[in-house]
Amino acid sequence: MLSALEQFAPLPLQESWDNAGLQLGLTETDVSGVLLCLDVNEQVVDEALRKGCNLIVSHHPLLFRGLKQITDSHYVQRCVIKALKNDIVIASMHTNMDNAMGGVNWKIAEKLGLQNCQFFARKTVDGVEAGNGVIGQLPQTLAADDFVQLVKKRFGVECAQCNELLRRPISKVAICGGAGDFLLDEALHQGADAFITGEMHYHQYFGYEQRIQICVIGHYQSEQYTTEIFRDIIGKQCPDVRAEIAETITNPILYI
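Here's what I pulled together on the structure shown here. (Residues numbered from 1 in each chain as written. Predicted model: local features only at pLDDT ≥ 70, side-chain atom pairs only at ≥ 80, totals over all residues. Heavy atoms only, no water.)

1. Brief notes about the nonpolar core
Logical step 1: Of all hydrophobic cores here, the largest spans 47 residues; its most connected members are Val57, Phe147 and Val173.
Logical step 2: No other element matches the six residues that helix 6 (residues 144-155) contributes to this core. (Core = buried A, V, L, I, M, F, W, Y, C linked by side-chain atoms within 4.5 Å. Buried < 20%, exposed > 50% of the residue type's maximum accessible area, 1.4 Å probe, protein only. Helix = DSSP H or I, 4+ residues; strand = E, 2+ residues; numbered from the N terminus.)

2. Topic: the pattern of salt bridges
Logical step 1: Using the criterion set out here, one finds 14 salt bridges in the structure.
Logical step 2: Among the salt bridges present, the one from lysine 111 reaches glutamate 228, with a minimum N-O distance of 3.1 Å. Of this pair, lysine 111 sits in helix 5 (residues 104-112) while glutamate 228 sits in helix 9 (residues 226-237), and the two are 117 residues apart along the sequence.
Logical step 3: The exposure class of glutamate 228 is buried, given its relative accessible area of 15%.
Logical step 4: Ionic pairing is found between arginine 122 and glutamate 129, a salt bridge with its closest N-O pair at 3.1 Å.
Logical step 5: Residue classification places glutamate 129 among the partly exposed residues on the basis of a relative accessible area of 38%.
Logical step 6: Salt bridges here are not isolated pairs; linked through shared partners, they connect Glu47, Lys51, Arg242, Glu244 and Glu247. (Salt bridge = Lys/Arg side-chain N within 4 Å of Asp/Glu carboxyl O.)

3. Description of the packing of helix 5 against helix 6
Logical step 1: Where helix 5 meets helix 6, the closest approach of the two axes is 10 Å, and the angle between their N-to-C directions is 110°. Relative to helix 6, the element helix 5 is oriented roughly perpendicular. Regarding helix 5 and helix 6, the two cross each other, and that crossing is right-handed. Listed contacts from helix 6 to Ile108, Lys111 and Leu112 of helix 5 are Val151, Arg154 and Phe155.
Logical step 2: Of the residues in the contact of helix 5 with helix 6, the class split is four nonpolar, no polar and two charged. (Axes fitted to C-alpha atoms, helices over the stretch in contact; angles between N-to-C directions. Parallel < 35°, antiparallel > 145°, perpendicular 65-115°, else oblique. Left-handed = near helix turned anticlockwise from the far one by under 90°. Contact = heavy atoms within 4.5 Å. Nonpolar A, V, L, I, M, F, W, Y, C, P; charged D, E, K, R; others polar.)

Encoded structure:
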């Protein structure tokens, strides 16, 4: 089943700093059910246990770096202990899914109804076309304030961080889910009227007034529909496997 996900988003597409793929557990385990999530925490592992799922597929890896000890002192270590004790396998599809055709950014574009989408910051890895972001056209041009409201509605966000509202219509939109400020200049170079991402550094907002509409909606919020991609791949390639999107909300940021 993991091979189906990796066929869709090959592991070589991941960035050099990433740790996508199998995180822990035995590869030959018979799958009783799959729980799909953005992040792995103790509540997610508990939900997998309740639902009889012995495989967790997350977007963000549980293990980014090597562990020097496995104790109860940190949630990552506690997750490892609980998963191993209960024979739960954990795998992650991270920047390989970000960079894949039909991956995270294509899902964001779908939710916004963008048309004529294509990669920007395009690259080829082992003969596979990939890209760090997606750019496309809105079905109809929108004023900046209407555009921001559309984004907020489609992603269920309480607020968006924006620069000065653009005083011209928005038609061409560039997207990079998660932490995408490294693509802001490329979006501008590609002629985008607006750039949507999950998080950006403070100083990145300066100097783009009336050049491009920045709309930052939160890391979790921008990637929340990634689990739908996992579900659709599994449903198509492994129809006999029960796959459920986790009910646990793992966003650690509260808006008060």
